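Read off the chains here:
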Amino acid sequence: MDWCRYRFRSVWDLPAAPQAVYRVLERAEEYPRWWPQVRSVDVADEESGTVRFRSFLPYDLCVTAHAGRRDPAAGVLEIALDGDLAGWSRWTVTEHGAGTRALFEQEVEVRKPLMRRLAVPCRPVFRANHALMMRGGRRGLAAYLEAV
């Protein structure tokens, strides 16, 4: 097992139409407005930008995100990541009951040196930190969607 590799999967059920959720998720530059753990998004061009995020643990992660698949009809947004994390992330947005289910999937390798050194003893803590970040994102997005 490579202790520096992670697979994450989160499901967010949201009280808004899939098209509305997709429109918010495709505007990554606005994530800091509703996702407290996304500290900044600096757009480089139409296809890439730098994202800095921090959850509960006292360290920032910085990644460069490159647009991948963008398919509104299928509800899919995918990016490639490089920097402190390398790999990919994907949103899949589908209708679910009276609202939307947003599935977040991510496969990454940690490249941040300190996290690599602490990979074995801190793996459960890193996973919990990610779960807290995702919980904050779901709450923030639900509140944002209700306000707009």
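Position labels on residues start from 1 in each chain and follow its written sequence. In keeping with the model being predicted, local features are shown solely for residues with a pLDDT of at least 70 and side-chain atom pairs are shown and tallied solely at 80 or more, while totals for entire chains, interfaces and linings include all residues. As a convention, hydrogens and water are excluded, and side-chain values are obtained from all of the structure's heavy atoms.

For Phe, Tyr and Trp, where Trp contributes only its six-membered ring, two rings pair if their centres lie within 6.5 Å, and the inter-plane angle classes them as stacked under 30 degrees, edge-to-face over 60, or tilted in between. Scanning all chains against the criterion turns up nine aromatic pairs. Considering the side-chain rings of Y31 and W35, the 5.9 Å spacing of their centres and the 25° angle between planes classify their relative orientation as stacked. The classification of residues rests on relative accessible area computed with a 1.4 Å probe and restricted to protein chains. Under 20% of the type maximum is buried, over 50% is exposed, and intermediate values are partly exposed. By relative accessible area, Y31 is classed as buried at 10%. Residue W35 is classed as buried on the basis of its relative accessible area, which comes to 3%.

A word on the environment of I79. Under the scheme used here, helices are H or I runs from DSSP no shorter than 4 residues and strands are E runs no shorter than 2 residues, and both carry numbers assigned from the N terminus. Inspection of the secondary structure puts I79 in strand β5 (residues 76–83). It is 15 Å that separates the C-alpha atoms of I79 and F8, two residues lying 71 residues apart in sequence. When sequence neighbours within four positions are dropped, the list of residues in contact with I79 reads A65, H66, A67, G68, G87, W88 and S89. In this description, contact between two residues means that some pair of their heavy atoms is separated by no more than 4.5 Å.

Only one rule defines a salt bridge in this text: a Lys or Arg side-chain nitrogen within 4 Å of an Asp or Glu carboxyl oxygen. Across all of its chains, the model carries 14 salt bridges by this definition. When the shortest N-O distance is used, the salt bridge between R54 and D60 registers 3.2 Å. Taking relative accessible area as the criterion, R54 reaches 27% and is therefore assigned partly exposed. Across the pair D71 and R69 runs a salt bridge whose closest N-O atoms are separated by 3.1 Å. Salt bridges sharing common partners tie together D2, R5, E109 and R116.

On to helix α4 (residues 119–147), then. Here α4 spans 40 Å end to end across 29 residues, near enough to the 42 Å set by a 1.5 Å rise per residue. At V125, α4 shows its largest kink, close to 30°. The span expected for a helix works out to 1.5 Å for each residue beyond the first. The angle separating two fitted axes, one through the seven residues that finish at a residue and one through the seven that start at it, defines the bend at that residue.

So, on to the pairing of strand β3 (residues 48–53). A strand pair is defined by DSSP finding two or more bridges across the two strands. Where strand β2 (residues 38–45) lies against β3, six bridges are found, and the strand directions are antiparallel. Counterpart to D45 in the pairing with β3 is S48. In sequence, β2 turns back onto β3 through a hairpin of two residues. Bridging between β3 and strand β4 (residues 61–71) involves six bridges; their strand directions are antiparallel. Within the sheet, the bridge partner assigned to F53 lies in β4 and is L61.

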